[in-house]
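Breakdown of the fold
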Amino acid sequence: MKDVQEYIAQHKDRFINELVELLKIPSVSADAAYKKDVLNTADAVKNSLEKAGCDKVEICETPGYPIVYGEKIIDPNLPTVLVYGHYDVQPADPIELWTSPPFEPVIKKTEVHPEGAIFARGACDDKGQMYMHVKAMEYMTATGNLPCNVKFMIEGEEEVGSESLSWFVPRNIEKLANDVILISDTGMIANDIPSITTGLRGLSYVEVEVTGPNRDLHSGLYGGAVANPINVLTKMIASLHDENNHITIPGFYDNVEELSLEERAEMAKAPFSLENYEKALDINSVYGEAGYTTNERNAIRPTLDVNGIWGGYTGEGAKTVIASKAYAKISMRLVPNQDCHDITDLFKNHFESIAPKGVTVKVTPHHGGQGYVTPIDNIGYKAASKAYQDTFGKTPIPQRSGGSIPIVALFEKELKSKVILMGFGLDSDAIHSPNEHFGVWNYLKGIETIPHFYKYFTELSK
């Protein structure tokens, strides 16, 4: 498949320009104001799959945003690869921290990406990585190198919990039948250290509301006499961790998978510089659960983090009030064997139980998902490993990720097939943050590597 490099070199500028055009559409699924843009993005993905060589492409309606489905079946007796991705993106806030407008993509050189990186919301998560598969498909069909069947399922609600996908998958088992599911919504250790994600954490996301008096009060007339919901909320949140940063919710750790010392030793072999890590984040020290390394804390241990907190007066100048209400959004990253529904219930019961008199507490569950671990002895992983060896010249390192893709566990449960996570992004790509970007080299390297996966998976399936 040496001609894949020639094909990419010939079409490089077009591949980049097409991605840039896709990134211009602000497909923010969390904000109803962008509904038309999300739907326009689905149309754009449909058109790209048709041009890439799919024989059948359709926009499948759901209770929410549609799912774009495409397929090319060359022989029912050959294996089928199902590609999953998402066309929705995170909100761009805070806009003022972007060095260029989030939906006006620009290519800038960085220390990590000397050949340039595309700066835009969704560049890495997940439009850029999803579009690698579309362009890999184009190469394989245009050159006669597609060795097996392929199906695409690209959704528009991943950033808000994939609720419609959870509705769609069980109703379309036959349509989605496959031998392996291929996803690029993760990353790798470094451009010269390829890795394959073998584990994902689960997620429980909740919103809490603390209510005190029936209206905002004058802090001079009422301060010290009634419970201040903001004060109370911050104390309640602070109590969720002990002095060792261990989560204090009763039962939270009951089903946590504890890795053996041997497994932890294998994890420790992955290259990691604590000094570079701190430098990249501009911090003077790391922080986390006692007894675990940084890479263990963000991959194999559960966490609880406040994602947003607000209440009272936050405008310019001063307004001396005791707020009637205070709010926070809290996410818990979970490890295998922790059920997201059970954890949500444990949090709700505990948080309500620690509320002091004088306030009422409401916990509203949002989206969640189960953790996932894939074995490295299945043919999907082996095919991915051989693909990386061909294009990177190195054997990739299996690595657990701290992130969550809630639908991965759903896929294995409903479709009975393994998920292979071939990510080409880097930790420094600022996904979910201002100035998100995706290296041009990474984008093109993904397009080059993916066809090799198809080749080896087909060979190993015989």
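All of the points below concern the structure found in this document. (Residues numbered from 1 in each chain as written. Predicted model: local features only at pLDDT ≥ 70, side-chain atom pairs only at ≥ 80, totals over all residues. Heavy atoms only, no water.)

1. Regarding the packing of helix α1 (residues 3-23) against helix α3 (residues 127-143)
Condition: To get an axis, a line is fitted to the C-alpha atoms, and for a helix only the part in contact is used. The angle between two axes follows their N-to-C directions and goes from 0 to 180 degrees. Secondary structure elements follow DSSP: runs of H or I of four or more residues count as helices, runs of E of two or more count as strands, with numbering from the N terminus. The labels follow the angle: roughly parallel below 35 degrees, roughly antiparallel above 145, roughly perpendicular from 65 to 115, and oblique for the rest. Each crossing gets its hand from how the near helix is turned against the far one by less than a right angle, where anticlockwise is left-handed and clockwise is right-handed. Residues are treated as being in contact if the distance between any of their heavy atoms lies within 4.5 Å. Note on residue classes: Ala, Val, Leu, Ile, Met, Phe, Trp, Tyr, Cys and Pro are nonpolar, Asp, Glu, Lys and Arg are charged, and everything else, Gly too, is polar.
Two numbers describe how α1 lies on α3: the axes approach to 10 Å, and their chain directions differ by 140°. By the criterion of interaxial angle, the relationship of α1 to α3 is oblique. Between α1 and α3 the crossing geometry is right-handed. Contacts from D3, V4, Y7, R14, F15, E18, L19, L22 and L23 in α1 reach K127, G128, M130, Y131, K135, E138, Y139, A142 and T143 in α3. Of the residues in the contact of α1 with α3, the class split is 10 nonpolar, two polar and six charged.

2. Describing the pairing of strand β6 (residues 149-155)
To keep it simple, the criterion reads: Using a 1.4 Å probe on the protein chains alone, a residue whose accessible area is under 20% of its type maximum counts as buried, one over 50% counts as exposed, and one in between counts as partly exposed. Paired strands, in this sense, are two strands between which DSSP finds at least two bridges.
Most of β6 sits inside the fold, with seven of its seven residues counted as buried. The alternating pattern of β6 places N149, K151, M153 and E155 on one face and V150, F152 and I154 on the opposite face, and all of these are buried. Across five bridges, the pairing between strand β2 (residues 67-72) and β6 is antiparallel. Looking at β6, one finds that E71 is bridged to K151. Where strand β3 (residues 80-86) lies against β6, seven bridges are found, and the strand directions are parallel. Its bridge partner being in β6, G85 is matched across the sheet by I154.

3. A short note on the side chain of E155
What counts, and what does not: Note that His is not counted, nor are the chain ends; the positive residues are Lys and Arg, and the negative ones are Asp and Glu. We define a salt bridge as a contact between a side-chain nitrogen of Lys or Arg and a carboxyl oxygen of Asp or Glu at a distance within 4 Å. Identification of polar contacts relies on pairs of N or O atoms within 3.5 Å, with a donor-acceptor requirement for protein atoms, meaning one able to donate a hydrogen and the other able to accept it, and with residues adjacent in sequence counted only if both atoms are side-chain atoms.
Looking at where E155 falls in the secondary structure, it is placed in strand β6. For the buried E155, which has no salt bridge, the nearest side chain bearing the opposite charge is R333, at an N-O separation of 13 Å. Looking at E155, its side chain comes within polar contact range of the main-chain nitrogen of E157, at 3.3 Å. Not counting residues within four places of it along the chain, the set of residues in contact with E155 comprises P66, I67, Y84, G85, H86, Y87, D88, S162, L165 and I407.

4. Focus: the packing of α1 against helix α13 (residues 440-460)
Direction vectors running N to C along α1 and α13 enclose 130°, while the axes themselves pass 10 Å from each other. By the angle class used here, α1 and α13 are oblique. Viewed along their axes, α1 and α13 form a crossing whose handedness is right-handed. Here V4, Q5, I8, K12, F15, I16 and L19 of α1 lie close against α13, whose contacting residues are V440, Y443, L444, I447, E448, P451 and H452. Across the contact of α1 with α13, the residue classes tally to 10 nonpolar, two polar and two charged.

5. Side note on the layout of surface pockets
Unoccupied space between atoms shows up once a probe the size of one water molecule is rolled over them. Here is the rule: Of the two site types, the cavity is a set of points on a 1 Å grid over the protein atoms alone where a 1.4 Å probe fits but cannot get out, and the pocket is an open set with protein on both sides within 12 Å along at least five of seven lines, each lined by residues with an atom within 4 Å of a point. Grid points are joined across faces, edges and corners, and a volume is the space filled by probe spheres set on the points.
Computed from the structure, the second largest pocket encloses a volume of approximately 460 Å³. Residue lining of the second largest pocket: 21 residues in total, with S166, C340, H341, G368 and G369 positioned closest to the centre. Put simply, the parts of the chain that give the lining of the second largest pocket at least two residues each are α4 (163-168), β9 (202-211), α10 (340-353), β14 (360-369) and α12 (407-415). Broken down by element, the residue count for the lining of the second largest pocket peaks at five residues, all from β14. Its residues placed into classes, the lining of the second largest pocket shows eight nonpolar, 11 polar and two charged.

6. Some thoughts on α3
For clarity, the cut-off: Each helix should span, by expectation, one fewer than its residue count multiplied by 1.5 Å.
With 17 residues, α3 ought to run about 24 Å at 1.5 Å a step, and its terminal C-alpha atoms sit 24 Å apart, in line with that. Most of α3 sits inside the fold, with 14 of its 17 residues counted as buried. Following α3 by one or two positions, G144 has its phi on the positive side, about 75°.

7. Brief notes about the sheet that holds strand β18 (residues 437-439)
Taken in spatial order, the three strands make up an open sheet running β4-β5-β18, and their pairing is antiparallel. Edge positions in the open sheet fall to β4 (106-108) and β18, since each of these has one partner strand only. The average angle at which neighbouring strand axes cross in this sheet is 30°, direction not considered. Pairing of strand β5 (residues 117-119) with β18, which is carried by three bridges, proceeds in the antiparallel orientation. Residue pairing for β18: I118 is matched across the bridge by F438. Lying on the sheet, α13 is in contact with β4, β5 and β18; it crosses β18 at an angle near 60°.

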